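Per-entry structural report
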Amino acid sequence: MSTTSQDVVENFTDELSDRATRHLWMHFTRMSTYHEGASVPIIVRGEGPYIYDDRGKRYLDGLSGLFTAQMGHGRKELADAAGRQAGTLGHFPIWSYANPPAIELAERLAHLAPGDLNRVFFTTAGGEAVESAFKLVKQYFKMMGKPMKHKVISRAIAYHGTTQGALSITGIPAAKQFFEPLVPGALKVPNTNIYRAPEHLRNNPEAFGVWAADRIEEMILFEGADTVAAVFIEPVQNSGGCFPPPPGYLQRVRDICTKYDVIMVADEVITAFGRIGDWFASHRYGIVPDIITCAKGMTSGYVPMGAMIVSDRLYEPFRTGTASFLHGFTWGGHPVGAAVALANLDLMEKEKINERVLANEGPLRSTLEKLYDLPIVGDIRGAGFFYGIELVKDKKTRETFNADESERLLRGFLSKALFDAGLYCRADDRGEPVVQIAPPLICGQEHFDEIERILRTVLTQAWSIL
Ligand SMILES: Cc1ncc(COP(=O)(O)O)c(C=O)c1O
């Protein structure tokens, strides 16, 4: 029988937390919290959509780890695939060599990807895939006799990774300030947050989509089309709290990119592998980008694996002659990663996970939308199993919280209170304050109800302490 939040371990000590505080540098973490005495939350195991801490307490994994655990935790099929492959060939580089799982996975991804995206360049992470795309478009245009084309356009508040190239493409000033100067020529345009759109466009998604796409064309023209190499776009933007594309927007961006010979990169690090109810959100939204970057859910997070999937057109100059893409990683095409990804895709197919997400996205949305009766809930938006709930001070005017209030609300209260109440998710203020919800794709109504119940309790408390 699984342990529940009531069955906590007796005689528990904080020894692991103390050791973590002494030596483990957690990512994007204010370490002072732990040096000042708070216990480090330590997750020791997972089962289905639940995770368990070292005290035996159970939490619903409302963020799928970090948008990774598509098929849930503790899947023996995935562990077995890793073990089998590690026992056969643990690692061998794909620098001029290949291995069977990498070949098979490349073939499979090419088959699943839209249009002529047939060439797969493996990475170990999403940021590496974005970095690879940034470098590829620069080399491509140099080889095509257009060496001036090197600038890249992305959207405000979008997160694309932390390496210097990917961070340049990232649109979150606070995440970049300590690392400036970054790669020059990384330009930003508005995202598709219709809740914060210019007032006259808020009730007209189509017109807003045209307006937002046209900001990209405008930036290309401002800079000169002969200097712009690529546009990086998440089909549904995560950072800022889930901005789906308005109707017609992605198609219009596609047309603009084609018109000016600019590469369209769909950053699907989150949106691929079932998150939006399709193998790739590009497919669901009916566009064929020139490059797709992906990672996270490809292995359901069991091992690190990422990829850049490239169109035949972009690959063409590398097919013949002496050219090679002078780029790669020791772990690229890792046989264990590829074997787990293949097992994960098998599992997703067997359990018809895309169909399940499509069938359940309506119920997830309507369950979350019950929260609209709370005064703090301004907007609930998203697609598939990917939602952001924007918190506001005044529903009518959409007034948001100032920096101090946001700090008190998110870091001082919400993150911990939600976790203590048994829900792991993310309270985030890289844009306006939001709670992000992206449960494993195996979840159903009982889990949606559990998420709603906990959010309702904790958001009600949050309102009362403001
Ligand atoms: C859209 C997007 N691109 C890139 C990244 C970076 O991926 P990674 O952390 O695997 O480098 C992320 C991570 O969350 C992401 O959401």
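Within each chain, residues carry numbers counting from 1 in the order of the written sequence. Only residues with pLDDT of at least 70 get local features here, since the model is predicted, and only at 80 or more are side-chain atom pairs given and counted; chain-wide, interface and lining totals rely on the full set of residues.

Side note on the sheet that holds strand 14 (residues 426–428)
- When DSSP finds at least two bridges between two strands, those strands are taken to pair. Labels follow the DSSP assignment, with helices taken as runs of H or I lasting at least four residues and strands as runs of E lasting at least two, numbered in each case from the N terminus. Reading across from one edge, 11-12-15-14 is the order of the four strands in this open sheet, with antiparallel pairing throughout. What marks the edges here is a single partner per strand, and that holds for strand 11 (377–383) and strand 14. Within this sheet the neighbouring strands show an average axis-to-axis angle of 20°, counted without direction.
- Bridge analysis of strand 11 against strand 12 (residues 386–391) gives six bridges, and the strand direction is antiparallel. When the bridges of strand 12 are listed, Gly382 appears paired with Tyr387.
- The contact criterion used here is simple: two residues whose C-beta atoms, placed from the backbone, lie within 7 Å are in contact. Under this scheme, a helix contributes an axis fitted over its contacting stretch, all axes are lines through C-alpha atoms, and angles between N-to-C directions fall in the 0 to 180 degree range. Across the face of the sheet, helix 14 (residues 353–369) comes into contact with strand 11, strand 12 and strand 15 (434–437) while running at roughly 175° to strand 11.

Brief notes about the nonpolar core
- Any set of buried Ala, Val, Leu, Ile, Met, Phe, Trp, Tyr and Cys residues joined through C-beta atoms within 7 Å is what this text calls a nonpolar core. Labels follow a simple rule on C-beta atoms placed from the backbone: if 20 or more others lie within 10 Å of a residue's own, it is buried; if 12 or fewer, it is exposed; otherwise it is partly exposed. The biggest cluster of nonpolar side chains holds 127 residues, and the ones touching the most others in it are Val231 and Ile309.
- Considering every element that reaches this core, the biggest residue donor is helix 13 (residues 335–350), with nine residues.
- Bear in mind that the domain bounds are from an automatic or database domain assignment. A domain split of this core shows at least three residues from each of domain 1 (15–71 + 353–465) and domain 2 (77–350).
- Not counting residues within four places of it along the chain, the set of residues in contact with Ile309 comprises Leu109, Ala113, Leu117, Val120, Ile291, Ile292 and Cys294.

A closer look at the site of the ligand
- Looking at the ligand, there are 13 residues lining it, with Ala125, Gly126, Gly127, Gly161 and Val269 nearest.
- A total of three residues in the shell around the ligand trace back to one element, the largest contributor, which is helix 6 (residues 126–143). Nearness is defined per residue: the C-beta atom, placed using the backbone, must lie within 6 Å of the molecule or strand.

Examining the domain arrangement of the protein
- Domain parsing of the protein yields domain 1 (15–71 + 353–465) and domain 2 (77–350).
- Taking the mean C-alpha position of each, domain 1 and domain 2 sit 26 Å from one another.
- Of the residues lining the interface, 28 residues belong to domain 1; the matching set on domain 2 comes to 25 residues.
- If one sorts the elements of the side of domain 1 that touches domain 2 by residue count, helix 14 sits on top with five residues.
- Side-chain classes are defined by residue name, with Ala, Val, Leu, Ile, Met, Phe, Trp, Tyr, Cys and Pro counting as nonpolar, Asp, Glu, Lys and Arg as charged, and the others, Gly among them, as polar. Looking at the side of domain 1 that touches domain 2 residue by residue, the classes come out as 13 nonpolar, nine polar and six charged.

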